[in-house]
Amino acid sequence: MVETTIAAIGPPDGAAMTAARDLQARLTKPAGSLGALEELSVRLAGLAGTCPPPLPEPAAVAIFAGDHGVHAQRVTPWPQEVTAQMIGNFLAGGAVVNAFARQAGASVTVVDVGVATPLPFPTVGPADLAGERAAVAADVAGEPADRSGPDRMPSRLVDANVRRGTRDMTVTAALTRDEARAAVEVGIRVAGALIDAGAGVLLTGDMGIANTTPSAALVAAFTGVDPAGTTGRGTGVDDETYRRKVAVVRTALDRHRPDPADPLGVLAAVGGLEHAALAGLILGAAARRVPVLLDGVIAASAALAAAAFAPDAVGAMVAGHRSAEPGATVALRHLGLDPLVDLGLRLGEGTGALLALPVVTGAVRVLHEVATFDAAGVSEK
């Protein structure tokens, strides 16, 4: 599945991009006056292979959840149990991502790809998502009650657990290559199912206590930047924990010496199951020529892996925001992506991507709805 997905990823359509630039030049506004939105619309036309590109709607957030063996190295003060507890909060609609998703009219799907403890919630399989067109439509219409059971718990938690958390990457590889591949394939299947269910744009989400530590390791491995430059404070750790976290990332990299030309090997050595699945989600969307709006450092580190698998996958990526985590800026710079908003966020979940979603929609809507000088009878300079 991974190889066939990569083979389906192609470069942007040059003719569509030229058409989008020409159209931008003829719209009733000074040339370049929409700044970064103009180039974004051109990139999305190139991805879709048509001008104007389809409106990026409905939107679907995929939150991949997993736990991490490196938690044992005391890189965060938060207990590992919070991962499973927050999944319950997502399903109940009480997290920040849910509030922002309701505002944006986006559906939210939670995928257990590597949570350490079995979850006591109703689940579906990845393939079942493709049949949930009514559920996606209900979410977009703001009617989540249509998908709630007697306990008011939405049913769409996907059970795709590859293993119950990763191993401690300072002791051994976090995953075997087969486990890393399985997680990538989970992401590919989820992307395909959500697109088949009607999604016009995918948004990355994540949940996993201690997951900024493997993110820092992935960014360092793929970019060559020292761990001191890729490691942040995550949930807000104190100075002592931060220094330990940097040392942990350096220890893991020194132990495994991951080769950035071998993205599956890098994910196996120092990645998380949610990182691998997010890389798969990006690859799956790129193969279908559907945009992926990246959230924070977890998504950015996964995007590096996706780009290492298939460089043309970058054409499907839109950087939603600049996370306060330094590794996110390092990763986006390496990918050549400029974030749309910069609000100092470091929550994850998909929150920054959701806040950026109207910006992406607006960039495309301009090409659909703004009149040209000729059509509007407006004189050009």
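Residues numbered from 1 in each chain as written. Predicted model: local features only at pLDDT ≥ 70, side-chain atom pairs only at ≥ 80, totals over all residues. Heavy atoms only, no water.

A. View of the pairing of strand S4 (residues 201-207). Extensive coverage of S4 is indicated by the burial of seven of its seven residues. Because side chains alternate across S4, one face comprises the buried residues Val 201, Leu 203, Gly 205 and Met 207, and the other comprises Leu 202, Thr 204 and Asp 206, equally buried. Note that strand S1 (residues 59-66) and S4 share seven bridges and pair parallel. The residue of S4 that forms the bridge with Val 61 is Leu 203. Pairing of S4 with strand S5 (residues 292-294), which is carried by two bridges, proceeds in the parallel orientation. Within S5, the position partnered with Leu 202 by the bridge is Val 292. (Buried < 20%, exposed > 50% of the residue type's maximum accessible area, 1.4 Å probe, protein only. Helix = DSSP H or I, 4+ residues; strand = E, 2+ residues; numbered from the N terminus. Pairing = 2+ DSSP bridges.)

B. Structural detail: the packing of aromatic side chains. Following the criterion strictly, the structure yields zero aromatic pairs and no others. Lying over the aromatic face of Tyr 242, Arg 233 brings its terminal NZ or CZ to 4.9 Å of the ring centre. (Phe/Tyr/Trp six-rings, centres within 6.5 Å; stacked < 30°, edge-to-face > 60°. Lys NZ or Arg CZ within 6 Å of the ring centre and 35° of its normal.)

C. Region of the structure containing helix H7 (residues 177-196). An ideal rise of 1.5 Å per residue puts 28 Å on 20 residues; H7 measures up with 29 Å between its terminal C-alpha atoms. Buried residues dominate H7, accounting for 14 of its 20 residues. Phi turns positive, to about 115°, at Gly 198, one or two residues after H7. (Expected span 1.5 Å × (residues − 1).)

D. Focus on the pattern of salt bridges. Scanning the entire structure with this criterion turns up 15 salt bridges. One salt bridge connects Lys 29 with Glu 38, and the closest N-O pair in it is separated by 2.8 Å. On the accessibility criterion, Glu 38 (11% relative accessible area) is buried. Its salt-bridge partner being Arg 365, residue Glu 369 comes within 2.6 Å of it at the nearest N-O pair. Linking Glu 369 with Arg 365, this pair stays in helix H15 (residues 351-369), spanning four residues, or about one helical turn. Overall, the relative accessible area of 54% leaves Glu 369 in the exposed class. Judged by its relative accessible area of 29%, Arg 365 falls in the partly exposed class. Shared partners join several salt bridges into a network, and the residues in it are Glu 57, Arg 365 and Glu 369. (Salt bridge = Lys/Arg side-chain N within 4 Å of Asp/Glu carboxyl O.)

E. Representation of the side chain of Thr 230 in the model. Assignment of secondary structure puts Thr 230 in helix H9 (residues 227-230). Residue Thr 230 is classed as buried on the basis of its relative accessible area, which comes to 1%. A distance of 3.0 Å separates a polar side-chain atom of Thr 230 from the backbone oxygen of Ala 216. Once residues lying within four places of it in the same chain are set aside, the contact partners of Thr 230 are Ala 216, Val 219, Ala 220, Val 225, Pro 326, Gly 327 and Val 330. (Polar contact = N/O pair within 3.5 Å; in protein donor to acceptor, adjacent residues only side chain to side chain. Contact = heavy atoms within 4.5 Å.)

F. Geometry of unusual backbone geometry. Following Cys 51, the chain continues into Pro 52 via a peptide bond in cis, with omega recorded as -5°. Tracing the chain through its elements places Pro 52 in the loop between helix H3 (36-48) and S1. In this structure, Pro 58 follows Glu 57 across a cis peptide bond, with omega equal to -10°. Structurally, Pro 58 is set in the loop between H3 and S1. Positive phi, normally seen in glycine, also occurs at Arg 74, with a value near 60°. Looking at Arg 74, the relative accessible area reads 52%, which means it is exposed. Of note, Arg 257 is a non-glycine position whose phi angle comes to about 45°, a positive value.

G. Representation of the sheet that holds strand S2 (residues 106-114). Strand order in this open sheet of six strands is S3-S2-S1-S4-S5-S6, and the pairing throughout is parallel. If you trace the sheet from one side to the other, it starts and ends with strand S3 (157-159) and strand S6 (317-319), each paired once. Across the sheet, the axes of successive neighbouring strands diverge by a mean angle of 30°, strand direction being ignored. Helix H4 (residues 82-92) rests against S1, S2, S3 and S4 of the sheet, and its axis sits at about 140° to S4. Packing of H15 onto the sheet brings it into contact with S1, S2, S4, S5 and S6, and relative to S5 it is tilted by some 130°. (Axes fitted to C-alpha atoms, helices over the stretch in contact; angles between N-to-C directions.)

Bear in mind that shape data such as this cannot, by itself, settle questions of function.
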